[in-house]
Amino acid sequence: MAETIITEISEFLQKGRAKNVKALVQQALDEGMDPKVILNEGLLDGMMIVGGKFKKNEIFVPEVLVAARAMSAGIAILEPKLVEVGNEPVGKAVIGTVKGDLHDIGKNLVVMMLRGAGFEIHDMGVDVAPEAFIEKAEEVGADVICMSALLTTTMPNMEDLITELKTRGLRDKYIVMVGGAPVNDTFAQQIGADYYTPDAASAAEKAKEAVMAKKAS
Ligand code: B1M
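Draft legend 1. Focus on the nonpolar core. Ile38, Leu43, Leu114 and Phe119 are the most contacted members of the largest nonpolar core, which has 49 residues in total. Among the elements that line this core, the one with the most residues is helix α4 (residues 61-82), at eight residues. Formed jointly, this core draws a minimum of three residues from each of two domains, domain 1 (2-85) and domain 2 (91-216). Contact partners of Ile38, with chain neighbours within four places excluded, come to Ile6, Ile9, Val25, Ala28, Leu29, Met33, Leu43 and Leu78. Ranked by size, the runner-up nonpolar core spans 25 residues in total, among them Ile145, Ala149, Met158 and Ala188.

Listed below in structure tokens is the structure:
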């Protein structure tokens, strides 16, 4: 039964049927299913299948877009269950998807998890220029700058931000974290980022750990 509902969530997501996805996610929660299982095995699994079909030109941007909307609708239902917001403010984070890149589902998951870990979030959205990240970080007194990229062509914009921080004499002021499907640890080290994490939950854990260590030093 549990497997059926998870499969249905994945299938409706692939068809971009947001209303069905919302209803089934709610039903799965009502039946006591673990929200992480619903996210990973229902929603994310569906989106991976969409990504695979897109790559093989079996479906095109409009289909991917409706699937992405269905994914966001499902995540919205899950959010209160996935995130129990901590009372203690941990620090401030500025986050966005880098310049030229409009993918925001993963970034929004990182926002959710950071908020749950107790961060005050300044979400800059998508297509964010390096200078805009830095100006916002300076304005709000951020501890962490988080960048997401989903396209190999936009990954270099992560390095541009780090170069710009160095030019302004601000590199050591911020913890810089990077992530997104094409990003990895080697790339993060090459560009001089502080941390790469593969998923939203580990991003929030690492951000909290890094801020606490920096404050204690
Ligand atoms: Co796009 N797209 N897309 N797309 N799209 C990919 C990324 C692609 C891999 C598809 C493919 O070919 N298989 C491919 C990139 C190829 C490449 O660069 N090598 C691609 C392409 C080519 C494009 C366009 C160029 C297509 C076109 O127009 N011809 C275009 C680019 C637009 C632009 O950005 N300028 C485009 C457009 C779109 C849509 C608008 C239709 C839509 C985005 C809608 C939206 O985001 N609101 C879309 C989608 C949905 C995808 C796929 C199918 C799914 C992405 C996604 O949301 N995954 C994607 C295929 C794929 O990734 N398999 C694809 C689910 C999400 C939860 O995962 O974002 O990876 P992800 O986040 C993960 C981790 O990476 C991590 O946490 C999350 C999990 O917990 N994470 C972080 C993310 N950010 C982090 C930051 C951190 C730490 C962890 O620290 C700061």
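Picking up after the structure, the text goes on.
Draft legend 2. View of the packing of α4 against helix α5 (residues 105-116). Orientation of α4 relative to α5, taken along the N-to-C sense of each, is 10 degrees, at an axis distance of 11 Å. Considered as vectors, α4 and α5 are oriented roughly parallel to each other. Here α4 contributes Ala68, Met71, Ser72, Ile75, Glu79 and Leu82 to the contact with α5, which in turn contributes Ile105, Leu109, Met112 and Met113.

Draft legend 3. Local environment of the domain arrangement of the protein chain. Split into domains, the protein chain comes out as domain 1 (2-85) and domain 2 (91-216). Just the C-alpha atoms count here: the centres of domain 1 and domain 2 sit 25 Å apart. Across the contact, eleven residues belong to domain 1 and six residues belong to domain 2. Counting each side, the surface lost to burial between domain 1 and domain 2 is near 740 Å², with a carbon and sulfur contribution of 81%. Applying the counting rule to domain 1 against domain 2 returns zero residue pairs in polar contact (both at pLDDT 80 or more). Where the side of domain 1 that touches domain 2 is concerned, the elements lending two or more residues are α3 (35-55) and α4. In terms of residue count, the dominant contributor to the side of domain 1 that touches domain 2 is α4 (six residues). Considering only residue class, the side of domain 1 that touches domain 2 consists of eight nonpolar, one polar and two charged.

Draft legend 4. The packing of helix α1 (residues 2-14) against α3, seen in detail. Where α1 meets α3, the closest approach of the two axes is 8 Å, and the angle between their N-to-C directions is 35 degrees. Judged by the sense of rotation from one axis to the other, the crossing of α1 with α3 is right-handed. Here Ile6, Ile9, Ser10, Leu13 and Gln14 of α1 lie close against α3, whose contacting residues are Val37, Ile38, Glu41, Gly42, Leu43, Asp45, Gly46, Met47, Ile49, Val50 and Lys53. A per-class count over the contact of α1 with α3 returns nine nonpolar, four polar and three charged.

Draft legend 5. Seen up close, α3. For α3, spanning 21 residues, the distance from its first C-alpha to its last is 28 Å, which sits close to the expected 30 Å at 1.5 Å a residue. Largest kink in α3: about 30 degrees, centred on Leu44. Those residues of α3 that fall on the buried side of the exposure criterion are Pro35, Ile38, Leu39, Gly42, Leu43, Gly46, Met47 and Val50. Buried residues along α3 sit in contact with α1, α2 (18-30), α4 and α5. One side-chain oxygen of the residue at the start of α3 lies 2.9 Å from the amide nitrogen of Lys36, identifying that residue as Asp34.

Draft legend 6. Representation of the coordination of the cobalt atom of the ligand within the structure. Counting protein donors around the cobalt atom of the ligand gives one, His103 (NE2), at 2.2 Å. In this structure, His103 sits in the loop between β1 (91-97) and α5.

Parameters and conventions
Residues numbered from 1 in each chain as written. Predicted model: local features only at pLDDT ≥ 70, side-chain atom pairs only at ≥ 80, totals over all residues. Heavy atoms only, no water. Core = buried A, V, L, I, M, F, W, Y, C linked by side-chain atoms within 4.5 Å. Buried < 20%, exposed > 50% of the residue type's maximum accessible area, 1.4 Å probe, protein only. Helix = DSSP H or I, 4+ residues; strand = E, 2+ residues; numbered from the N terminus. Domains from an automatic or database assignment. Contact = heavy atoms within 4.5 Å. Axes fitted to C-alpha atoms, helices over the stretch in contact; angles between N-to-C directions. Parallel < 35°, antiparallel > 145°, perpendicular 65-115°, else oblique. Buried area = accessible area lost by both parts, 1.4 Å probe. Polar contact = N/O pair within 3.5 Å; in protein donor to acceptor, adjacent residues only side chain to side chain. Nonpolar A, V, L, I, M, F, W, Y, C, P; charged D, E, K, R; others polar. Left-handed = near helix turned anticlockwise from the far one by under 90°. Expected span 1.5 Å × (residues − 1). Bend = angle between axes of the 7 residues up to and from the residue. Donors = N, O, S within 2.8 Å, 3.2 Å for Na, K, Ca; no water.

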